[in-house]
Amino acid sequence: MSPTPGAKGRAPHRRSEQARIAVLHAADDLLAERGFAAVTIEGIAARAGVAKQTIYRWWPSKVEVLLDTLIEDSEQALAVPDTGSAVEDARQYLHALASFITGDPAGKVLLALIGEAQHDEQMAGAFRTRYLEPRREAERAMLARGVAAGELSPDLDVDRALDELLGPIFYRALITGGPISRTFTDLVVFQVLG
């Protein structure tokens, strides 16, 4: 029995989506295992079980593959909460961020892309546009809700507060390697937002 034309049309889409997901997982795994410099399109293709041409059809570089990996993983693991309290939202968000950076392979992607952005201006632009700016908008909205509700001061400089909330976490992750415990993130929230 031959497949119907409709079924035939769906199968390539499923295969394409399976290949896309395999590529993203392969890139994530390779970065966690080998570091940014050792990740190549050839290595991703081999790990994912796809041809290099398949990857180049969808992504112009390994940076774009890793950005897509980071964006997808962040949407799942780092959603900005909305509990009705900006202070509680900030606490939960910093807990999730610390856990993401220290325990999730996608957190290694984030840290690697931050490092690479220091050396590659074009990559830094893509990273800011595709990942940082949308995330920053969601973070701003989190604090703006607190200002609007009267929970936070109407004079709060939202961007400065975000820098003060997020800066210590990234400093420990990238510079000192110090622990990023729940106690630490709670203290940061208390000091910044009171």
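The rules behind these values
Sequence order as written defines the numbering, with residues in each chain counted from 1. Only residues with pLDDT of at least 70 get local features here, since the model is predicted, and only at 80 or more are side-chain atom pairs given and counted; chain-wide, interface and lining totals rely on the full set of residues. Where side-chain values are given, they derive from all heavy atoms of the structure, hydrogens and water being excluded. What counts as a helix is a DSSP run of H or I of at least four residues, what counts as a strand is a run of E of at least two, and both are numbered from the N terminus. For this analysis, a polar contact is any N or O atom pair within 3.5 Å, provided that within protein one partner can donate a hydrogen and the other can accept it, and provided that sequence-adjacent residues contribute only side-chain to side-chain pairs. Patch membership needs two things, relative accessible area over 30% and no salt bridge, and members are linked within 9 Å if like-charged or within 5 Å if nonpolar (Val, Leu, Ile, Met, Phe, Trp, Tyr). Accessible surface is estimated by sampling points in the Shrake-Rupley manner with a 1.4 Å probe; for residues, cover comes only from the protein chains shown. Note on definitions: salt bridges are taken to be side-chain nitrogens of Lys or Arg within 4 Å of carboxyl oxygens of Asp or Glu. For this analysis, a nonpolar core means a set of buried residues of the types Ala, Val, Leu, Ile, Met, Phe, Trp, Tyr and Cys, connected via side-chain atoms within 4.5 Å. Note on classification: 1.4 Å probe, protein chains only; a residue is buried when its accessible area is under 20% of the maximum for its type, exposed when over 50%, partly exposed between these limits. The criterion used for residue contact is that any of the two residues' heavy atoms lie within 4.5 Å. Any pair of Phe, Tyr and Trp rings, taking the six-membered ring for Trp, is counted once the centres come within 6.5 Å. Such a pair is stacked with planes under 30 degrees apart, edge-to-face with planes over 60 apart, and tilted for the rest. In this scheme, the term charge over a ring applies when either NZ of a lysine or CZ of an arginine sits within 6 Å of the ring centre and within 35 degrees of the ring normal. Lines fitted to C-alpha atoms define the axes here, with helix axes fitted over just the stretch in contact, and angles between the N-to-C directions of these axes take values from 0 to 180 degrees. When describing relative orientation, an angle under 35 degrees is termed roughly parallel and one over 145 degrees roughly antiparallel, while 65 to 115 degrees is termed roughly perpendicular and anything else oblique. Three residue categories are used. Nonpolar comprises Ala, Val, Leu, Ile, Met, Phe, Trp, Tyr, Cys and Pro, charged comprises Asp, Glu, Lys and Arg, and polar comprises the others, including Gly. As defined here, a cavity is a set of points on a 1 Å grid over the protein atoms alone where a 1.4 Å probe fits but cannot get out. A pocket is an open set with protein on both sides within 12 Å along at least five of seven lines, and residues line them when an atom is within 4 Å of a point. Grid points are joined across faces, edges and corners, and a volume is the space filled by probe spheres set on the points.

> Could you give me a rundown of the side chain of T54, with the residues and numbers involved?
Within the fold, T54 resides in helix 3 (residues 52-58). A polar side-chain atom of T54 sits 3.2 Å from a polar atom in the side chain of R57.

> Tell me what's going on with a nonpolar patch on the surface, and back it up with residues and numbers.
Taken together, the side chains of Y171, L174 and I175 define a hydrophobic patch exposed on the protein surface, amounting to about 320 Å² of accessible area. By the secondary structure assignment, I175 is in helix 8 (residues 158-176).

> Explain the nonpolar core to me, and be specific about the residues and the numbers.
Counting 59 residues, the largest nonpolar core has I44, I55, V65, L113, F127, L143 and L165 as the members making the most contacts within it. Those elements that provide at least two residues to this core are helix 1 (5-34), helix 2 (41-48), helix 4 (62-77), helix 5 (86-103), helix 6 (105-117), helix 7 (121-148), helix 8 and helix 9 (182-193). In this view, I44 contacts V23, A26, A27, L30, V39, I55, K62 and V65; residues no more than four positions away in its chain are not counted.

> Pulling in residues and values, what's your account of the packing of aromatic side chains?
Tallied over the full model, the rule gives 2 aromatic pairs. Aromatic pair W58 and W59: ring centres 5.6 Å apart, planes at 90°, arrangement edge-to-face. Note on F127 and Y131: the rings are 5.7 Å apart at their centroids and 15° apart in plane angle, and the pair reads as stacked. With F127 and Y131 both in helix 7 and 4 residues apart, the pair spans about one turn of that helix. F127 sits in the buried class, given a relative accessible area of 3%. Taking the ring centre of W58 as reference, the NZ or CZ of R57 above it sits at 5.9 Å. Over the face of the ring belonging to F184 we find R172, whose NZ or CZ atom lies 3.8 Å from the ring centre.

> Explain the packing of helix 4 against helix 7 to me, using residue names and the numbers behind them.
Between helix 4 and helix 7, the least distance of the axes is 11 Å, while the angle of their chain directions is 10°. On the basis of their axis angle, the class for helix 4 and helix 7 is roughly parallel. Across the interface between the two elements, V63, E64, L67, D68, L70, I71, S74 and E75 of helix 4 pack against M123, A126, F127, R130, Y131 and R135 of helix 7. When its residues are assigned to classes, the contact of helix 4 with helix 7 shows 8 nonpolar, 1 polar and 5 charged.

> Account for the environment of Q122, with residues named and values stated.
If you trace the backbone, Q122 turns up in helix 7. When the C-alpha positions of Q122 and G150 are compared, they lie 41 Å apart, and in sequence the two are 28 residues distant.

> Hey, could you go over the layout of surface pockets for me, with residue numbers and the actual values?
Of the volumes computed, that of the largest pocket is approximately 510 Å³. Taken together, 20 residues form the lining of the largest pocket, with I114, F127, R128, L132 and F170 sitting closest to its centre. Listing elements by their share of the lining of the largest pocket, those giving two or more residues are helix 5, helix 6, helix 7 and helix 8. Among the elements that make up the lining of the largest pocket, the one with the highest residue count is helix 7 (9 residues). In terms of residue class, the lining of the largest pocket is built from 12 nonpolar, 2 polar and 6 charged.

Purely geometric numbers; function is a separate question.
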